[in-house]
Amino acid sequence: MTRLAGHIRAGRLVPLALACLGLTGACTREDEAVLRARLSEWFSIAETLAFQAERDCAAAMFRLSAADVKAQMPVVSGVRAMLQQLDRQGRAALDMRGVSPDEGLVALVDIDRPRGMAMRRAALEGRVCMSAPMEDAFLRALQNRRGVLAWDVVSGTIIILDPDSGLLVVAMGAG
């Protein structure tokens, strides 16, 4: 080991250190600009209120400019319809009036355990990246009976639209 270390000259340490720093930065789960661009296709988001991404999680909170879902995100009113839409397009929003996103998530787990648990895991792992105010907004949105639960299969993103607070809260796990 000492012989190997002797072959690394001081002039080579700087590029090696820079390469390591670059790889560390590349280990974040999601970039804010990429996330905003994707979410803007589906929701009317305004400013970013919070964003945090690390290797195994990402979380964000956005103010909504309108509390509706755009046509590019299929909206369904039942759990089975959501599962069918996820099979077809890989994304769907569940808007069951009178049923909170948390209750919808439990129903998804009951009907399709692997997909429901993937969504639940994304929410739980994403909370690691949340500040206290973001986590509070996320938990409130989960309990809001007027809230909308959305899932993007490709990115493993769980999205909750809270029309009462005008917030969109997003969580991703390790993927």
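Anything mentioned here points back to the structure above.
Everything quoted here is computed from the prediction, not taken from an experiment.

The rules behind these values
- Residues numbered from 1 in each chain as written.
- Predicted model: local features only at pLDDT ≥ 70, side-chain atom pairs only at ≥ 80, totals over all residues.
- Heavy atoms only, no water.
- Salt bridge = Lys/Arg side-chain N within 4 Å of Asp/Glu carboxyl O.
- Buried < 20%, exposed > 50% of the residue type's maximum accessible area, 1.4 Å probe, protein only.
- Helix = DSSP H or I, 4+ residues; strand = E, 2+ residues; numbered from the N terminus.
- Disulfide = S-S within 2.5 Å.
- Axes fitted to C-alpha atoms, helices over the stretch in contact; angles between N-to-C directions.
- Left-handed = near helix turned anticlockwise from the far one by under 90°.
- Contact = heavy atoms within 4.5 Å.
- Nonpolar A, V, L, I, M, F, W, Y, C, P; charged D, E, K, R; others polar.
- Core = buried A, V, L, I, M, F, W, Y, C linked by side-chain atoms within 4.5 Å.
- Pairing = 2+ DSSP bridges.

(A) Layout of the pattern of salt bridges. In this structure the tally under the stated criterion is 9 salt bridges. With its nearest N and O atoms 2.3 Å apart, the salt bridge here joins Glu135 to Arg127. When its relative accessible area of 28% is taken as the criterion, Arg127 is described as partly exposed. Between Asp136 and Arg140 there is a salt bridge, with its nearest N and O atoms 3.0 Å apart. A residue pair is termed a helical-turn pair when its members lie 3 or 4 positions apart in one helix, as Asp136 and Arg140 do in helix H7 (residues 132-143) at 4 residues. Overall, the relative accessible area of 39% leaves Asp136 in the partly exposed class. Overall, the relative accessible area of 56% leaves Arg140 in the exposed class.

(B) Up close: the state of the cysteines. Scanning all chains against the criterion turns up 1 disulfide. Bridging Cys57 to Cys129, the disulfide has an S-S length of 1.9 Å. Judged by the sign of its S-S torsion, about 70 degrees, the bond between Cys57 and Cys129 is right-handed. Taken together, the positions of Cys57 in the loop between strand S1 (43-53) and strand S2 (58-69) and Cys129 in the loop between helix H6 (113-126) and H7 put the pair 72 residues apart, joining distant regions of the chain. Residue Cys129 is classed as buried on the basis of its relative accessible area of 4%.

(C) View of the packing of helix H5 (residues 101-111) against H6. Two elements in contact, H5 and H6, have axes whose closest approach is 6 Å; the angle formed by their N-to-C orientations is 145 degrees. Between H5 and H6 lies a crossing of left-handed hand. Mapping the contact onto sequence places Leu105, Leu108, Val109 and Ile111 in H5 and Arg113, Gly116, Met117, Met119 and Arg120 in H6. In terms of residue class, the contact of H5 with H6 is built from 6 nonpolar, 1 polar and 2 charged.

(D) Seen up close, the nonpolar core. Ranked by internal contacts, the top residues of the largest apolar core, which has 30 residues, are Met82, Met119, Phe138, Leu149 and Ile158. Sorting elements by how many residues they give to this core places H7 first, with 5 residues. Once residues lying within four places of it in the same chain are set aside, the contact partners of Ile158 are Leu105, Met119, Ala122, Ala123, Leu149, Ala150, Trp151, Val169, Val170 and Ala171.

(E) Here's a closer look at the sheet that holds strand S7 (residues 167-172). Taking strand neighbours across the sheet as the criterion, the 7 strands line up as S1-S2-S7-S6-S5-S4-S3 in an open arrangement whose pairing is mixed. In this open sheet, the two strands that pair with only one neighbour each are S1 and strand S3 (75-76). Sheet topology note: the S2/S7 ladder contains 6 bridges and is antiparallel. The partner of Ala58 across the bridge, within S7, is Met172.

Geometry only, nothing functional implied.
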